[in-house]
Amino acid sequence: MIAIRFVVANPFCRCGAEAAAVISGGRYACILSLVRGFHPAWADCELFNRPPRRKLRSCGRQVIAVKDFAMLRRCALIAALILVGLTTVQAHADRRVALVIGNSEYREIPALKNPDKDAEDVSSTFRLAGFDVFVAKDLTKLQFEKEFRNYLAAADGADLAVVYYSGHGFQIGGENFLIPVDASLKAAADIEVQAVKLDDVLQQLRAKSKIQVIILDACRNNPFPRKDYWLRDQLIAAGGTGLAQVKSSLNTLIAFATEPGAVAYDGSGDLSPFSSAFSRRALAPNQEIRSVMAAVRRDVVEATKGAQVPWENSSLIDEVVLMRRANRPALPPVLEKTVPSGIGPVALDLPVPVDVDGGAVSISIERPPALGRLILDGKPVATGEPIEGKDLPRLQMDVPKGADAEDQVDMLAYATHDEWGGGSQGILVFRVKNGDGAAGKQLVASLESEQKQEVVERGIHIAGAAEAIDNRDVKIPVGVGPVPLKLDVPTKDPGVSLKLASYPATGTLSLPDRTLSPQSSLMADEVDKLRYEPQIGAAKPLIVGFDIIADNTPSKPATMKLSPSVDPCDTRAGEPLDLQGVVPGLLPNEIGAGAVEACQAAVKAYPDVARFHYELGRALLAAGKVDEAKKAIEEAADKGHVRAVFELGYLVASGIGTAVDPTKANIFYSAASDKGDPYGMTAWGRALFNGFGVQRDPSKGLDLLLKGAAMGHTYAINELASIFTDGRNGVPADYARAVAFLKAGVERQDMYSMNLLGRNYLTGRGVEKDPKQAQALFQKAMDLGQPYAPASLARMYRDGVGVAQDFDEAQRLFELATARGDYSGAYDRAALEMQKGNKADQVVAVRYLAFAVGLDLRDELPSAQTTLAQFGAKPKAAALKQLRSELKSKIPTGGSVDDQLIKTARAVWEQANPRRDLF
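Rules and cut-offs
- Residues numbered from 1 in each chain as written.
- Predicted model: local features only at pLDDT ≥ 70, side-chain atom pairs only at ≥ 80, totals over all residues.
- Heavy atoms only, no water.
- Helix = DSSP H or I, 4+ residues; strand = E, 2+ residues; numbered from the N terminus.
- Buried < 20%, exposed > 50% of the residue type's maximum accessible area, 1.4 Å probe, protein only.
- Contact = heavy atoms within 4.5 Å.
- Areas by Shrake-Rupley, 256 points an atom, 1.4 Å probe, with all protein chains shown as cover.
- Axes fitted to C-alpha atoms, helices over the stretch in contact; angles between N-to-C directions.
- Parallel < 35°, antiparallel > 145°, perpendicular 65-115°, else oblique.
- Left-handed = near helix turned anticlockwise from the far one by under 90°.
- Phe/Tyr/Trp six-rings, centres within 6.5 Å; stacked < 30°, edge-to-face > 60°.
- Core = buried A, V, L, I, M, F, W, Y, C linked by side-chain atoms within 4.5 Å.
- Pairing = 2+ DSSP bridges.
- Expected span 1.5 Å × (residues − 1).
- Salt bridge = Lys/Arg side-chain N within 4 Å of Asp/Glu carboxyl O.
- pLDDT = per-residue confidence, 0-100.
- Polar contact = N/O pair within 3.5 Å; in protein donor to acceptor, adjacent residues only side chain to side chain.
- Disulfide = S-S within 2.5 Å.

When you go through the chain residue by residue, the secondary structure sums to 28 helices and 33 strands. Evaluated residue by residue, the chain yields a buried proportion of 54% over its 919 residues. Considering only intrachain contacts with a sequence separation of at least 6, the fraction spanning at least 24 residues in the chain is 66%. Split by element, the accessible area of the chain, about 39,100 Å² in all, is 51% carbon and sulfur.

For the rest of this paragraph, the subject is the packing of helix α26 (residues 862-869) against helix α28 (residues 897-912). For the pair α26 and α28, interaxial distance at closest approach is 10 Å and the crossing angle is 130°. One element, α26, and the other, α28, form an angle in the oblique class. Judged by the sense of rotation from one axis to the other, the crossing of α26 with α28 is right-handed. Facing Q865, L868 and A869 of α26, the residues of α28 in contact are D898, L901 and I902.

Bringing the packing of aromatic side chains into the picture now. Under the criterion given, the structure shown has 17 aromatic pairs. Summarising the aromatic geometry, the rings of F148 and Y151 are spaced 6.2 Å apart at their centres and angled 25° between planes, so their arrangement reads as stacked. In this pair, F148 and Y151 are both assigned in helix α4 (residues 141-155), three residues apart and thus about one turn of the helix distant. An identical accessibility class is assigned to F148 and Y151; each is buried.

Further remarks concern the nonpolar core. Core analysis: the largest hydrophobic core is formed by 124 residues, its most contacted members being F126, F131, Y151, I179, I214, F278 and L322. Element by element, the count of residues in this core is highest for helix α14 (residues 642-654), at eight residues. What F126 contacts, discounting residues up to four positions off in sequence, is A98, V100, F131, V133, V162, Y164, F278 and L322. In this structure, V193, L720, I723 and V746 belong to the second largest nonpolar core, which totals 44 residues.

Here strand β24 (residues 423-434) lies mainly inside the structure; 10 of its 12 residues are buried. Linking strand β23 (residues 408-418) back to β24 in an antiparallel pair, the connection comprises four residues, with G421 at a positive phi of about 95°.

Looking now at helix α17 (residues 698-710). The end-to-end C-alpha separation of α17 is 18 Å, in line with the 18 Å expected for 13 residues at 1.5 Å each. When α17 is considered as a whole, its buried residues turn out to be G701, L702, D703, L704, L705, L706, K707, G708 and A709. At the C-terminal side of α17, G712 shows a positive phi close to 90°.

This brings us to the pattern of salt bridges. Under the criterion given, the structure shown has 48 salt bridges. The partner of E719 in a salt bridge is R686, with the nearest N and O atoms 3.2 Å apart. Of this pair, E719 sits in helix α18 (residues 714-726) while R686 sits in helix α16 (residues 678-690), placing them 33 residues apart in sequence. With a relative accessible area of 22%, R686 lands in the partly exposed category.

This part takes up the confidence of the model for the chain. With 87% of its residues at a pLDDT of 70 or more, the chain shows a mean pLDDT of 85. Taken element by element, the predicted model of the chain shows its lowest mean pLDDT in strand β2 (residues 21-24) (28) and its highest in helix α11 (residues 595-605) (98). This model gives residues 1-69 a pLDDT under 50, and the stretch forms 145 contacts once residues within four places in sequence are excluded. Below a pLDDT of 50 lies the segment residues 80-90, which in the model reaches 14 contacts outside its immediate sequence neighbourhood of four places, other chains included.

Before going further, it helps to spend a moment on the environment of H417. For H417, the location among the structural elements is in strand β23. Considering only alpha carbons, one finds H417 and D355, 62 residues apart in sequence, at a separation of 9.2 Å. Excluding residues within four positions of it along the chain, H417 makes contact with A360, V361, S362, I363, S364, G422 and G423. A distance of 2.8 Å separates polar atoms of two side chains, one belonging to H417 and the other to S364.

Non-glycine residue D138 carries a positive phi angle of around 50°. By the secondary structure assignment, D138 is in the loop between β6 (132-137) and α4. In this model, D349 sits at a positive phi of 55°, which is unusual for a non-glycine residue.

If you trace the three strands from one edge of the open sheet to the other, you get β8-β9-β10, paired in antiparallel fashion. Two strands in the sheet have a free side with no partner beyond their single neighbour: β8 (169-172) and β10 (196-197). Across two bridges, strand β9 (residues 175-178) lies against β10 in antiparallel orientation. Its bridge partner being in β10, F177 is matched across the sheet by K197.

Taken in spatial order, the five strands of this open sheet run β25-β33-β32-β27-β30, and their pairing is mixed. Only two strands of the sheet have a single partner each, and these edge strands are β25 (473-477) and β30 (521-523). Averaged over all adjacent pairs, the angle separating strand axes in this sheet is 30°, with direction ignored. Taken together, the three bridges between strand β27 (residues 496-502) and β30 define a ladder with antiparallel strand orientation. When the sheet's bridge partners are listed, S497 is paired in β30 with M523. Set on the sheet, helix α9 (residues 437-469) makes contact with β27, β32 (542-550) and β33 (553-565); between it and β33 the angle comes to about 15°.

As a further point, take the state of the cysteines. Two cysteines joined by a covalent bond between their sulfur atoms form a disulfide. According to the stated counting rule, one finds one disulfide in the structure shown. Paired by a disulfide, C569 and C599 hold their sulfur atoms 2.1 Å apart. Torsion about the S-S bond of the C569 and C599 cystine: about 95°, corresponding to right-handed handedness. Of this pair, C569 sits in helix α10 (residues 568-573) while C599 is found in helix α11, placing the two residues 30 residues apart along the sequence. With respect to class, C569 is no different from C599; both count as buried.

Turning our eyes to something else, we now look at the packing of helix α22 (residues 789-799) against helix α24 (residues 823-834). Pairs of packed helices are described in terms of their axes, by the angle between the two and the distance that separates them. Between α22 and α24, the shortest axis-to-axis distance is 10 Å and the interhelical angle comes to 25°. As summarised for this structure, α22 and α24 are arranged roughly parallel, according to the angle between their axes. Our pair here, α22 against α24, has a crossing hand that is left-handed. Contacts between α22 and α24 involve A791, R795 and R798 from the first element and S824, G825, D828 and L832 from the second.

Right, let's talk about the side chain of T140 for a bit. Inspection of the secondary structure puts T140 in the loop between β6 and α4. For T140, a relative accessible area of 10% corresponds to the buried category. With near-sequence residues (within four places) excluded, T140 lies in contact with R107, P180, V181 and D182.

This part takes up the environment of K475. With respect to the helices and strands, K475 occurs in strand β25. Using a relative accessible area of 57% as the deciding quantity, one classes K475 as exposed. Placed 87 residues apart in sequence, K475 and L562 show a C-alpha to C-alpha distance of 6.2 Å.

And the structure:
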């Protein structure tokens, strides 16, 4: 039996304390200092064994002769493990995302020469730093909204979220705006619908991530001729130069290319002075971002001869390092080898140390062998002398012919050093055997044979690794976090490593302890832990290439494909503008058959993904399973899905499966709004502006509606158009401003905006009268399924406005509007019937009046119920009988005939078309 025990000892203990022979209980206790001074915390190794056949050699030589070679190797192995344990820092792969935008090709103003190239350079910088990088160039306003939503979905729960913008930007009333390439900014309302408010960007990042960094190379002159714009409820003059100072909240850094109110320059090169300095300085390893920005400031001041001084505002309480280099070069901690003496230099075959971050590695000899000398390219290697990592396999040992007949044990200790201060330790324990005579020749021949066999085996390992990877096509679900690639490489050989030859164009490769960059390498025993997280919004297949490398063996390439795929639950029940979603989404009435089953499968496969619980709730609502839907939505909200919080408010506000409670609904709306949800901001803003279930606050309500519209939410856009058309609660009426918002809605293919803008073209409010344009907008909205557009078009045919009068077409369109849930269309259908005089069918009129009242949940058409009351009992009884015959299930009877008519009509409509987007 061999017992091995380590005790921490003084690293500076003298030789007398390091080696002694003690007779105790018939056994020798040997204390051997393997590597004196090799590490600040040293461990002595006590080996208890039967008495060796010979005495220990002198302490000065620090060599022990033993029969059991494994004994010393175990001691060295445990020593190395202790060294690793003392120097290893617990690590994990943080989620870091960056959105990089370069706007150069402006359409209404002169182009900028640098931003496109700035974006390329900066995005490469963030990619090298291990970020999931969203890069976009020459964005229109609509494209910005789409890219920003995808980015926010990826940034949800991120440790660090960065936005880098290069392009035009200027200030109005202390508010900073980023300018998309399609902005014209000719009208006073254009700034609200064509530009991007920086504060909106920052608030969204605060709601999503732990730390926020915004970097702006956008402090150029205001190139637009107009001088005043609408900002909330006032016309404000635009600033002439630069950007305004921004107040940052906790754990935020905002950096500007120049100081507030000053102008930044494009410079004479391909990159702006600021972007060029940032890309260069950000790559400095392990530098905190405030130190990086200080270095950027020095560079820009020097490049512009003091004309431009970058500036930042920081409230960071956590350290932010862009280019992390925390990993140490990878190498086996303990190796063993037999070295013959007396035959000249013998190759030690040490493996090349691999820096997983992709940098160069150097070697230093910390404790040379006592029995021989180290040789590299024919020259001796001294203690502490640096050696390039790639040269380590060529290191040799020359052991002179010794007088001892017995085997001897010796050791080499060496350290690796990377370019950013990282390091690791390696130990080679070897047995020296006499190389003289026939036995020596046989030993040398045996060692040479073993070496050749190792080369063959390593080649087999490389080929096996390449075969396990090459030509694979891995399906990767989008939006479920990092997905294991499950690569089964048939080797754990420490001499085999894989270098990334081609990094996927989008998304992030990672291991549990670190994120990989395009320069990274990984060891063979790490491949089975490799993961990939696809970028939201990017669905194209991606290529990943590896070079499989080992010492003294030709490398072998291997390429695999990663195919991102969207879950069927997302495609069948995803929600529009869901900032935690992965698809453009569907309206409630667009959710079809199969959605429930698809989402049930998704919830089962990914129970921790809150989005799937919410989408299951949407699918169940569309299927009429209200109780099950509410439970699924509550589970999603509990798991952190923000749109589910809004949905709970909507259910309460609409009385779906519960009593109507506007006050309770507003609690949910407010919570969703605080988390940046555009639906929540719109609903809470509407409630505040109008005083629905809460004390009226028009200023705050208007601000929230503008924020919802800025995120592309067309419900907010249409609400604002209504406010600016009417002029309510202190906000002045402005038809042109209303039309600007409606056109923005039409640009986003919103069928409600189309219908409303068509009415403006009929009346001439904010635009010149144009019935043909109105007809085209009504028709397009109707084709998209808009519920009120058929009635708008029907009135044109009824009245002969812009088209030939056609009562039959008007009747058809009014009936279509009723089927879609338009109470005003139902009322007009009843009125059209009564216009027939003696030929009128009173049963038909009663039927449509019942629909008009039943669908008018907000009591906006009180004349419908008054008109219904004027009809006699006979047509009402006939209409009620007809409606009841259309129901698949009975509803409770009771109350007046009018009440029964209204309830039954409502039930008939809900049974046929439960459109929740109407309310």
